[in-house]
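Secondary and tertiary structure notes
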Number of protein chains: 2
Amino acid sequence: MRYLSLTLSTCLLTALAVPAYADDLVKMSENPADWVMPAHTYDNQRYSTLKQINASNVGKLQVAWTFSTGVLRGHEGAPLVVGNTMYVHTPFPNIVYALDLDHDAKILWKYEPKQDPNVIPVMCCDTVNRGVSYGDGKIFLHQADTTLVALDAKTGKVVWSVKNGDPSKGQTGTSAPHVIKDKVLVGISGGEFGVQCHVTAYDIKDGKMVWRAFSEGPDDQIKVDPEKTTALGKPVGANSSLKTWQGDQWKIGGGCTWGWMAYDPQLNLFYYGSGNPSTWNPKQRPGDNKWSMTIWARNPDTGMAKWVYQMTPHDEWDYDGVNEMILTDQQIGGKERKLLTHFDRNGLGYTLDRENGELLVAQKYDPKVNWTTGVDMDKNSPNYGRPAVVSQYSTDQNGEDHNNKGICPAALGSKDEQPAAYSPETQLFYVPTNHVCMDYEPFKVSYTAGQPYVGATLSMYPPPGDSNMGNFIAWDGKTGKIVWSDPEQFSAWGGALATAGGIVFYGTLEGYLKAVDAKTGKELYKFKTPSGIIGNVMTYEHGGKQYVAVLSGVGGWAGIGLAAGLTDPTAGLGAVGGYAALSNYTALGGQLTVFTLPQ
Amino acid sequence: MRYLSLTLSTCLLTALAVPAYADDLVKMSENPADWVMPAHTYDNQRYSTLKQINASNVGKLQVAWTFSTGVLRGHEGAPLVVGNTMYVHTPFPNIVYALDLDHDAKILWKYEPKQDPNVIPVMCCDTVNRGVSYGDGKIFLHQADTTLVALDAKTGKVVWSVKNGDPSKGQTGTSAPHVIKDKVLVGISGGEFGVQCHVTAYDIKDGKMVWRAFSEGPDDQIKVDPEKTTALGKPVGANSSLKTWQGDQWKIGGGCTWGWMAYDPQLNLFYYGSGNPSTWNPKQRPGDNKWSMTIWARNPDTGMAKWVYQMTPHDEWDYDGVNEMILTDQQIGGKERKLLTHFDRNGLGYTLDRENGELLVAQKYDPKVNWTTGVDMDKNSPNYGRPAVVSQYSTDQNGEDHNNKGICPAALGSKDEQPAAYSPETQLFYVPTNHVCMDYEPFKVSYTAGQPYVGATLSMYPPPGDSNMGNFIAWDGKTGKIVWSDPEQFSAWGGALATAGGIVFYGTLEGYLKAVDAKTGKELYKFKTPSGIIGNVMTYEHGGKQYVAVLSGVGGWAGIGLAAGLTDPTAGLGAVGGYAALSNYTALGGQLTVFTLPQ
């Protein structure tokens, strides 16, 4: 019945969406044979109705074919499948391959941009790229150097390209573009370089900029209406961002926007998170630093914000709020709600009403989270919606040059960009998590354009008494409770996939693709791919057969030691940490592994 | 009965070998569970008695696990398996991994030498390395910079290391070392840089040089006894090499030694081929240029040559004679003979008596070979053993700056280093071949130490009327006849494996691992690995299961376009040629793929 109701409501959404452009992406995304956008569907559920591969036969899964990308370092994201063509992207230099699924994955075309390699040192956390998007017969790629390029999907020829930022100022491109209606939306990276980050919409036809919305600054720059834009049900008022920054620090305020966007065609709102305020030294930037660390609901036509919710006011730990928003329709308190669920780096799993931004649930999804005692849920409290900070772990209260020991989670969060999945059948979220704590010492830093503006050193390690640095968990978003939890030796840094086969897939940093039972978490299959997995599992159907595919290629933040050749756990301001041991399990390499059932 | 007699004769060989050092490699190589030397056994047969995987079930083969090496460019050679440890090597920077087969291929140790990257431009044909060898509890690696290093097989710590050459003079290391008794034997590369090449024996215990034998030069340097060393049954006489060179050209004479060595413990002789004379411009170096292009039989204790046979006197086409010698015991003319079979770059398949160097068979193993009408087999002829050169294709007779069109095979030969296999059951050789012709234009070049000393440009393409650039063939070495031939779109540049399961494996440049029926050549299985295969297939047994493994990683000469980023077929003095189309099928990447049967 639940499944039926979901199907009906999806049909309803489709009926309401009347696009004025070539491809109806809502409709295309409903075809389970394809994978036309980064998360399969606009709701970011990463759920497929395909069930040829299911809990009873996934143990027999085989590798069908493989493809090396020719690029080392971290491979985030997932390929797309549109009809008989698969599109595979790489980290810098950001090659895109079109593979012919009808002819043994022959390379139909290859696009390799020429980029200034000087962009590499400006990329905080490996040379990653989170993938391409499809729309209007084009493939959209956001290059490291912030060039947004539209490629003809059939030929790979450049249709248009536009510069979204300036790497000489620390602005880089790592995120997947998102096609919404007649626009291509793209964020920007550079939170560790003092970038005033933004989301920008470009015209899908010619690449002309339509609007740009910053994360902090004057109301017109952040596209907030003091009266109509709400925070927790109330209008934000004038200068809601400006008044939370000292002087013009907002101009180098971070709040970056490199996560996965979601879109609700019925509400005509898209959702994303803004990242950490710059610098990581909280003493240097008093105030709530709005709207960093914020969940945004914006109108894709105009960019105007309908509502905002700041999760971590005045961040003191780099709990970058960019993680994806997952849209579901579930009952809470006997009432069907349009929900938004978000697993923040700060270790809290949030469920909100996505129509109005009402906060419904905020609970720790890792029991070791200790920087907060929890979020004030009392609507009448002056601190409503605000997390209570534990003084011992307040890097602001303890001041500069103080080494704050044992903060959980670490700066890379209880979850980073690795996206969770949701199954409407189990009504559970499947969340790849980090189980890592840190010591954090803020220090004074001065801003120079294009230079790192970090202002803290850290060291990372598993929570005391635990040997696992990650867990793959099932989460009930209605109640904010962990249903089951599978420990992982390292962080689970690959994105999850849930399917109607009653199974959930994810990848591990050692390189395993794993399939677990959606109800129990029981491991049903694992296979060691060539390199550590930080990519997202996807599935498609071709020639009547279901396939599961994942990019290997260790790197990203968790794999930066391997990716950048750093073997000392204290390297990179401590970013390598406990992940140094990864070199005992895997080596660099970018490969796609495609699985299917035996004949 | 044949199989039984082989087994008996192998046992006899073992009984006669009385080693005075830690590991009895002859005995170890008889254990089909292991793969302790590059070709499995000293006879270079690349044959395994394992038959769990056989013609009736190979179609069900699956990928068991995979491992990325973290290195791009061409991956030649194969891993070793000694007990529960697998040793995997890479091209430059020549990393060696020890993988724990008992624990999901966990990395036990990793050795990564520090080498001057200036060695890369001195490597003629990609940054390849053909693998490591085992002996006396050590793993031996011949680095690109010619350092021969002995690593403790348990820990990866350097036990000793020695410099085998000087990259600043164009000398590089690409070949696998070979352990014979108490010595490590290693050749050297640099035929395109005017190196006077040699084979050198180092003491397995401490790396002290024991002897060095050059390919050309005075008798003492080439370790030839004018009276005792024979060529086609007759003593070579004094100054057999010197008198075939103009002046002291032998000092920059090439004759490199980077192929796979074979060893007969009973005869106590080892066998290898010497390469092309330098330069490629034959007009510049009149004479037979002995002993380039020669099959050598030497005593491993002293280095002294027992016999020699020069296949291509005064090379005019870069038909580098380094390809492996395969030792078999077969009947010819009703008489059991100790044979040596060799598939030369010049397109001729030779069978000789390995005891005395008598020439028994010399036939074209690609019918398109046109530079010669064949070898004079008349023992009473003054040209006995000499190939008759067709004037039209004689780049010497036609002179400098003349573009000689349509010579078959091309410079990379009807076969290059990719080793063939032999099955004692079928008494057939399985040969991965190139089916490529060329235009060749020699030009005057002057020698400067460490600079390319090539002196010819070429362009390469499939034989007129053919679309395939390769064939995988079965060859009867007793009669010199092709038994069956499977066409390949590109060269078959991966080494073959024959097994007692009645099957033969090989890899293709597009990346397929293929299994064919040993008797008929019928394709029984294929799988697309991540990258093009130029590695050699090997097999081992672990935990009662048979595994088949192969390194992917397109590159080498055939893949130099992809490896070095050359897209123009005329690049690299024409070395890229028809292989430019490879970029439509595969991309760079170094990965090991390990196959087994389903549970």
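This write-up is about the structure you can find in this document. All values reported here derive from a predicted model rather than from experimental measurement.

What counts, and at which threshold
- Residues numbered from 1 in each chain as written.
- Chains lettered and ligands numbered in written order.
- Predicted model: local features only at pLDDT ≥ 70, side-chain atom pairs only at ≥ 80, totals over all residues.
- Heavy atoms only, no water.
- Helix = DSSP H or I, 4+ residues; strand = E, 2+ residues; numbered from the N terminus.
- Buried < 20%, exposed > 50% of the residue type's maximum accessible area, 1.4 Å probe, protein only.
- Contact = heavy atoms within 4.5 Å.
- Areas by Shrake-Rupley, 256 points an atom, 1.4 Å probe, with all protein chains shown as cover.
- Lys, Arg positive; Asp, Glu negative; His and termini not counted.
- Charge placed at Lys NZ, Arg CZ, Asp CG, Glu CD.
- Salt bridge = Lys/Arg side-chain N within 4 Å of Asp/Glu carboxyl O.
- Pairing = 2+ DSSP bridges.
- Axes fitted to C-alpha atoms, helices over the stretch in contact; angles between N-to-C directions.
- Least-squares fit on C-alpha atoms with pLDDT ≥ 70 in both.
- Buried area = accessible area lost by both parts, 1.4 Å probe.
- Polar contact = N/O pair within 3.5 Å; in protein donor to acceptor, adjacent residues only side chain to side chain.
- Nonpolar A, V, L, I, M, F, W, Y, C, P; charged D, E, K, R; others polar.
- Disulfide = S-S within 2.5 Å.
- Core = buried A, V, L, I, M, F, W, Y, C linked by side-chain atoms within 4.5 Å.
- Phe/Tyr/Trp six-rings, centres within 6.5 Å; stacked < 30°, edge-to-face > 60°.

Each helix and strand counted, chain A has five helices and 42 strands in total. Expressed along its principal axes, the backbone C-alpha trace of chain A runs to roughly 65 × 55 × 50 Å. Evaluated residue by residue, chain A yields a buried proportion of 68% over its 599 residues. Taking as baseline every contact in chain A between residues at least 6 positions apart, the subset at least 24 positions apart corresponds to 61%. When the accessible surface of chain A is totalled, it reaches about 18600 Å², and 52% of it is carbon and sulfur. If you average the places of the 50 positive and of the 60 negative side-chain charges in chain A, the two averages end up 2 Å apart.

In total, this model carries 60 salt bridges over all chains according to the counting rule given. For R73 of chain B, the salt bridge identified is with D126 of chain B, shortest N-O distance 2.7 Å. Here R73 of chain B is found in the loop between β2 (62–68) and β3 (76–77), whereas its partner D126 of chain B is found in the loop between β7 (106–111) and β8 (133–135), with 53 residues between them in sequence. Looking at D126 of chain B, the relative accessible area reads 2%, which means it is buried. Among the charged side chains, a salt-bridge network with shared partners connects K181, D182, K183 and D301 of chain A.

In this section: the sheet that holds strand β13 (residues 183–186) of chain A. All names here are of chain A. If you trace the four strands from one edge of the open sheet to the other, you get β12-β13-β14-β15, paired in antiparallel fashion. Each edge of the open sheet is held by one strand with a lone partner, namely β12 (178–180) and β15 (209–214). Mean inter-strand twist for the sheet, computed between neighbouring axes without regard to direction, equals 20°.

Once that is clear, we can look at the relation of the copies chain A and chain B. You can overlay chain A on chain B at an RMSD of 0.0 Å; the transform is a turn of 180° with a shift of 0.0 Å along its axis. Here the transformation between the copies is reduced to the relation of a two-fold axis. Same-surface contact between copies: 100% of interface residues of chain A are shared with the interface of chain B.

Tallying the contact residues gives 31 residues for chain A and 32 residues for chain B. With both chains or domains summed, chain A and chain B bury close to 2400 Å², and 52% of this area falls on carbon and sulfur atoms. At the boundary of chain A with chain B, the tally comes to two salt bridges. Close ionic contact of D104 of chain A with K526 of chain B constitutes a salt bridge, the shortest N to O distance being 3.9 Å. Linking chain A with chain B are 16 residue pairs in polar contact (both at pLDDT 80 or more), by the criterion used here. Looking at the side of chain A that touches chain B, the elements with two or more residues in it are β2 (62–68), β7 (106–111) and β38 (523–528) of chain A. Among the elements that make up the side of chain A that touches chain B, the one with the highest residue count is β2 of chain A (seven residues). Split by residue class, the side of chain A that touches chain B holds 15 nonpolar, 12 polar and four charged.

Another aspect to go through is the pairing of strand β34 (residues 481–488) of chain B. Pairing of strand β33 (residues 470–476) of chain B with β34 of chain B, which is carried by seven bridges, proceeds in the antiparallel orientation. Each bridged residue has a counterpart across the sheet, and for G470 of chain B the counterpart in β34 of chain B is E488 of chain B.

Residues and elements named next belong to chain B. One pass over the structure, following the stated rule, counts six disulfides over all chains. Between the sulfur atoms of C124 and its disulfide partner C125 the distance amounts to 2.1 Å. Between C124 and C125, the S-S dihedral sits near -105°, and the bridge is therefore left-handed.

Moving on: the sheet that holds strand β42 (residues 591–596) of chain B. The strands making up a sheet associate through backbone hydrogen bonding, with each pair oriented either parallel or antiparallel. Residue and element names in this part refer to chain B. Pairing is antiparallel in the open sheet, where four strands are placed in the order β2-β42-β41-β40. The open sheet has two edge strands with one neighbour each: β2 and β40 (538–542). Averaged over neighbouring strand pairs, the angle between their axes works out to 25° when direction is ignored. In this structure, β40 lies alongside strand β41 (residues 545–552), joined through five bridges in antiparallel fashion.

Time to look at the pairing of β33 of chain B. Residue and element names in this part refer to chain B. Counted residue by residue, β33 has seven buried out of seven residues, so it is predominantly covered. Residues G470, F472, A474 and D476 point to one face of β33 and N471, I473 and W475 to the other, with burial holding for every one of them. Summarising the sheet, strand β30 (residues 428–434) and β33 pair through six bridges and their orientation is antiparallel. Along β33, the bridge assignment pairs N434 with G470. Here β33 hands over to β34 after four residues, with G480 in that stretch at a positive phi of 75°.

What follows is about the environment of F595 of chain A. Relative to the helices and strands, F595 of chain A is located in strand β42 (residues 591–596). Beyond its immediate sequence surroundings of up to four residues, F595 of chain A is in contact with L61, Q62, V63, A64, L513, Y525, F527, T529, Q546, Y547, V548 and V550 of chain A.

What follows deals with the side chain of T174 of chain B. All names here are of chain B. Here T174 shows up in the loop between β11 (158–163) and β12 (178–180). At a separation of 2.7 Å, a polar atom in the side chain of T174 contacts the side chain of R130. In this structure the side chain of T174 is engaged in a polar contact, spanning 2.7 Å, whose partner is the side chain of S189. Apart from residues lying up to four places away in sequence, T174 is in contact with M123, V128, N129, R130, H142, S189 and W258.

Right, let's talk about unusual backbone geometry for a bit. Residues F92 of chain B and P93 of chain B are joined by a peptide bond in cis, for which omega reads 15°. Note that P93 of chain B resides in the loop between β5 (85–89) and β6 (96–100). Positive phi outside glycine occurs at K181 of chain A, with the angle close to 55°. Here K181 of chain A shows up in the loop between β12 and β13. The phi dihedral of N239 of chain A falls on the positive side, at around 55°, and the residue is not glycine.

With that out of the way, let us pick up the nonpolar core. W65, F505 and Y540 of chain A together with W65, F505 and Y540 of chain B are the most contacted members of the largest nonpolar core, which totals 174 residues. Not counting the four nearest positions on each side in its chain, Y540 of chain A is found in contact with P32, A33, L50, W65, V81, M86, L101, K545, Q546, Y547, A549 and V594 of chain A. Core analysis: the next-biggest nonpolar cluster, separate from the first, contains 53 residues, L327, L340, A456 and I560 of chain B among them.

We now examine the side chain of Q418 of chain A. All names here are of chain A. With respect to the helices and strands, Q418 occurs in the loop between β28 (404–407) and β29 (421–423). A residue is classified by how much of its surface remains accessible, and Q418, at 0% relative accessible area, is buried. At 3.0 Å, the side chain of Q418 and the backbone nitrogen of D416 are in polar contact. For Q418, the side chain forms a polar contact with the side chain of N434, separated by 3.1 Å. With residues near it in sequence (within four places) discarded, Q418 still touches E324, P432, T433, N434, A492, W493, G494 and G495.

Attention shifts here to the environment of M209 of chain A. Residues and elements named next belong to chain A. When you line up the elements, M209 lands in strand β15. Here M209 falls in the partly exposed class, since its relative accessible area comes to 45%. Taking the C-alpha atoms as reference points, M209 and L551, 342 residues apart in sequence, are found 32 Å from one another. Not counting chain neighbours up to four residues away, the residues in contact with M209 comprise T200, A201 and Y202.

To continue, consider the packing of aromatic side chains. Enumeration over the complete set of coordinates arrives at 54 aromatic pairs over all chains. Summarising the aromatic geometry, the rings of F67 of chain A and Y97 of chain A are spaced 4.9 Å apart at their centres and angled 80° between planes, so their arrangement reads as edge-to-face. Of this pair, F67 of chain A sits in strand β2 while Y97 of chain A sits in strand β6 (residues 96–100), and the two are 30 residues apart along the sequence. Note on Y97 of chain A: relative accessible area 1%, which makes it buried. Between Y540 of chain B and Y547 of chain B, the aromatic rings sit 5.2 Å apart at their centres with planes inclined by 15°, giving stacked as the arrangement. Judged on exposure class, the residue Y540 of chain B and its partner Y547 of chain B are both buried. Among the aromatic residues, those joined into a cluster by ring pairs are F343, Y365, Y422, F429 and W475 of chain A.

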